[in-house]
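# Fold and contact review
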Amino acid sequence: MSDPDISVVICVYTEDRWEDILAAVASVRTQSRPARETLLVVDHNETLLERLTREYKEVEEVRVLANAGPRGLSAGRNTGIAASCGEIIAFLDDDAVAERDWLRHFASAYEDPRVLAVGGRTMPVWASGRRPAWFPEEFDWVVGCTYKGLPPGRVRVRNVLGGNASFRRTAFEVAGGFATGIGRDGDKRPLGGEETELCIRLARARPDAVVLIDDRAVIHHRVPEPREHFAYFRTRTYAEGLSKALVARSVGAGKGLESERRYTTRVLPAGVARGLRDALLARPGGAGRAGAIVAGVLTAAGGYVLGSVRARRGGVSFSIVEIPDAEGKSA
């Protein structure tokens, strides 16, 4: 596959992000390597669906769809996958803009037929204009961005990060779609982990599959002001613990927590040490960053324990959706 067709899926749910949505679509339409199509999947919001349909009715390469499944990001992505035509399906957050060569870097990675998924680098755009002094780079995943500790360059990884990712269509044909019940669901608790669960499931279905991150495939993700505060940091890390418990239930704790073990035993202790060193050198935010890392670990651990208990008691559920293949049949 030397020059694969690429469909871009952008899942949207609120009119509050109207300008962000328009900017995201515009960034796809101006790519140096054009997308075959852009699909806007609206999550159970009739007003937004009608408004976007009017906005893009004269734009042939942009299609507006309603989420055909239950409310939530996973079902929205599955709707986009099923409706798309490209050999590669890329996902972009609705409050992010892609750099001009984003799709070109994705496409080049698929020259290797073993590659079934490629992610990129997501940079934060802070509402206040700069990173809060207390906010550790090791926890940038809290705001949907690439975090300190991920390897640089184009490297093999366990999983991509969902807001800046792409998959070969055959990945969904062999492994199914995103599991509903794990990821985000409108305004409910900010869960995640659906892309991790999918990538691990894909590796089980295709042991020879290669999953990559190419840090040249860059998007810029807006971080709204409420997410710059410790209250959101605490909520999101707790939700991540709950999410990891669901992922571990689906694919087993061995694979489900494989990368997290290295992260918590190597990356985070190094981050605490840097924060304490900066505090001793009277650099702004050092003590705050060290404290935030410790608090984040403890809060995520608490979420994981509670999520594991709920999973054992049967208090949570999720399902894996089969995605139709190119002929319209379920894999």
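Each remark here, short or long, concerns the structure printed above.
These lines cover the structure that appears in this document, whether it is placed above or below. Since the model is a prediction, treat every value here as computed from it, not as a measurement.

## Looking at the packing of aromatic side chains
- With the rule as written, the count across this model stands at 16 aromatic pairs.
- For the pair W102 and F106, a centre-to-centre distance of 5.3 Å together with 55 degrees between the ring planes defines the contact as tilted. Taken together, the positions of W102 and F106, both in helix α4 (residues 102–109) and four residues apart, correspond to about one turn of that helix.
- Geometrically, the ring pair formed by W126 and F135 is edge-to-face, given 5.2 Å between the ring centres and 65 degrees between the ring planes.
- You can call W126 buried: its relative accessible area is 10%.
- Classification of F135 as buried rests on a relative accessible area of 0%.
- Taken together, W126, W134, F135, F139, W141, Y147, F230, F233 and Y263 form an aromatic cluster joined through their ring pairs.
- R77 extends its terminal NZ or CZ atom over the ring of F91, reaching a point 5.7 Å from the ring centre.
- When the ring centre of F178 is taken as origin, the NZ or CZ atom of R77, which lies over that ring, is 5.1 Å away.

## Points about the nonpolar core
- With 35 residues, the main nonpolar core has V8, I10, L40, L52, L92 and W102 as its most contacted residues.
- Considering each element in turn, this core owes the most residues, six residues, to helix α1 (residues 18–29).
- Sequence-distant contacts of L52, defined by excluding residues within four places in its chain, comprise V12, W18, I21, L40, V42 and V64.
- Listed in part, the 24 residues of the second largest apolar core include I81, A171, C199 and V211.

## Side note on the pairing of strand β4 (residues 88–92)
- The buried count for β4 comes to five of five residues, which makes it a mostly enclosed element.
- Where burial is concerned, the two faces of β4 agree: the one with I88, A90 and L92 and the one with I89 and F91 are both buried.
- The pairing of strand β1 (residues 6–12) with β4 spans four bridges and is classified as parallel. Its bridge partner being in β4, S7 is matched across the sheet by I89.
- As defined by bridge partners, β4 adjoins strand β8 (residues 164–168) across five bridges and the pair is classed as antiparallel. Within β8, the position partnered with A90 by the bridge is S166.

## Some thoughts on unusual backbone geometry
- Although it is not a glycine, H44 adopts a positive phi angle of roughly 55 degrees.
- For H44, the position within the fold is in the loop between β2 (37–42) and α2 (46–55).

The rules behind these values
Residues numbered from 1 in each chain as written. Predicted model: local features only at pLDDT ≥ 70, side-chain atom pairs only at ≥ 80, totals over all residues. Heavy atoms only, no water. Phe/Tyr/Trp six-rings, centres within 6.5 Å; stacked < 30°, edge-to-face > 60°. Helix = DSSP H or I, 4+ residues; strand = E, 2+ residues; numbered from the N terminus. Buried < 20%, exposed > 50% of the residue type's maximum accessible area, 1.4 Å probe, protein only. Lys NZ or Arg CZ within 6 Å of the ring centre and 35° of its normal. Core = buried A, V, L, I, M, F, W, Y, C linked by side-chain atoms within 4.5 Å. Contact = heavy atoms within 4.5 Å. Pairing = 2+ DSSP bridges.

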